[in-house]
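# Structure at a glance
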Amino acid sequence: MMTDPIADMLTRIRNAAMVERPFTDMPVSKVKRGLAETLKREGYIWDWQEIESEKVNQLRVELKYGPNGERVIQKIRRVSKPGRRVYSRAKDLRPVLNGLGISIISTSRGVISDREARQRNLGGEVLCEVW
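As a starting point, this report considers the structure included with it.

Rules behind the numbers
Residues numbered from 1 in each chain as written. Predicted model: local features only at pLDDT ≥ 70, side-chain atom pairs only at ≥ 80, totals over all residues. Heavy atoms only, no water. Salt bridge = Lys/Arg side-chain N within 4 Å of Asp/Glu carboxyl O. Helix = DSSP H or I, 4+ residues; strand = E, 2+ residues; numbered from the N terminus. Buried < 20%, exposed > 50% of the residue type's maximum accessible area, 1.4 Å probe, protein only. Expected span 1.5 Å × (residues − 1). Arc of directions from axis to C-beta. Contact = heavy atoms within 4.5 Å. Pairing = 2+ DSSP bridges. Polar contact = N/O pair within 3.5 Å; in protein donor to acceptor, adjacent residues only side chain to side chain. Axes fitted to C-alpha atoms, helices over the stretch in contact; angles between N-to-C directions. Parallel < 35°, antiparallel > 145°, perpendicular 65-115°, else oblique. Left-handed = near helix turned anticlockwise from the far one by under 90°. Nonpolar A, V, L, I, M, F, W, Y, C, P; charged D, E, K, R; others polar. Phe/Tyr/Trp six-rings, centres within 6.5 Å; stacked < 30°, edge-to-face > 60°. Lys NZ or Arg CZ within 6 Å of the ring centre and 35° of its normal.

The final tally for this structure, using the stated rule, is twelve salt bridges. For Arg118, the salt bridge identified is with Asp114, shortest N-O distance 3.5 Å. Of this pair, Arg118 and Asp114 both sit in helix α3 (residues 114-120), four residues apart, which is roughly one turn of the helix. Judged by its relative accessible area of 1%, Asp114 is buried. Sharing partners across several salt bridges, the network here consists of Arg41, Glu116 and Arg120.

As structure tokens, then:
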């Protein structure tokens, strides 16, 4: 039994990037779709797609690498955990690495980056940081 599916998703992405895999698969959920869409909008992955399966549908995330094979996702870290939830208001969201990275926030309007949350003046649960 998995207690934190978002941490599992981030770990799969981190591990696949370390060994330079072109993509990684994981069980799909609504939050994971939102997380993948936010990573795509911010330019950290090429694309994502949902693959139909007999038992559980899979989410395939296509990882992005630079022209010389350098990883676009250097670090990806879970912030809010099941044992300790972290919430933040829009005005309290600070740029990650002086704007070189992003925080991904789960808001009432869906999963968005910290830049979008500040623009829309939305707060919520800080899911992870990517740089």
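This brings us to helix α1 (residues 5-18). Spanning 14 residues, α1 covers 20 Å between terminal C-alpha atoms, matching the ideal 20 Å at 1.5 Å per step. If you check which residues of α1 are buried, you get Ile6, Met9, Leu10, Ile13, Ala16 and Ala17. On an axial view of α1, the arc spanned by its buried residues comes to 130°, and they lie on one face. Buried residues along α1 sit in contact with β1 (23-27), α2 (30-41), β3 (58-63), β4 (76-78) and β8 (124-130). Glu20 occupies a position one or two residues after α1 and carries a positive phi of about 60°.

As paired strands, strand β6 (residues 102-107) and strand β7 (residues 110-113) are joined by four bridges and run antiparallel to one another. Of the residues in β7, the one forming a bridge with Ile105 is Ile112. Connecting the antiparallel pair β6 and β7 is a turn made up of two residues.

For the rest of this paragraph, the subject is the environment of Arg85. With respect to the helices and strands, Arg85 occurs in the loop between β4 and β5 (87-88). Excluding its chain neighbours within four sequence positions, the residues that come into contact with Arg85 are Arg78, Ser80 and Glu125. Looking at Arg85, its side chain comes within polar contact range of the side chain of Glu125, at 3.1 Å.

Looking now at the packing of α1 against α2. Interaxial distance between α1 and α2 falls to 10 Å at its minimum, and their mutual angle equals 40°. When the axis of α1 is compared with that of α2, the two are oblique. Like other packed secondary-structure pairs, α1 and α2 cross with a definite hand, here right-handed. Contact with α1, carried on its side by Pro5, Ile6, Met9, Leu10 and Ile13, involves Val31, Lys32, Leu35, Ala36 and Leu39 of α2 and no other residues of that element. Its residues assigned to classes, the contact of α1 with α2 comprises nine nonpolar, no polar and one charged.

All chains considered together, the criterion is met by zero aromatic pairs. The ring of Phe23 carries Arg60 above its face, with NZ or CZ at 4.0 Å from the centroid. Positioned over the ring face of Trp46 is Lys64, at 4.8 Å from the centre of the ring.

Attention now goes to the pairing of β6. Most of β6 is tucked away: five of the six residues are buried. Pairing of β6 with β8 involves five bridges; the strand directions are antiparallel. Residue Ile102 lies in a different strand from β8, and its bridge partner there is Val130.

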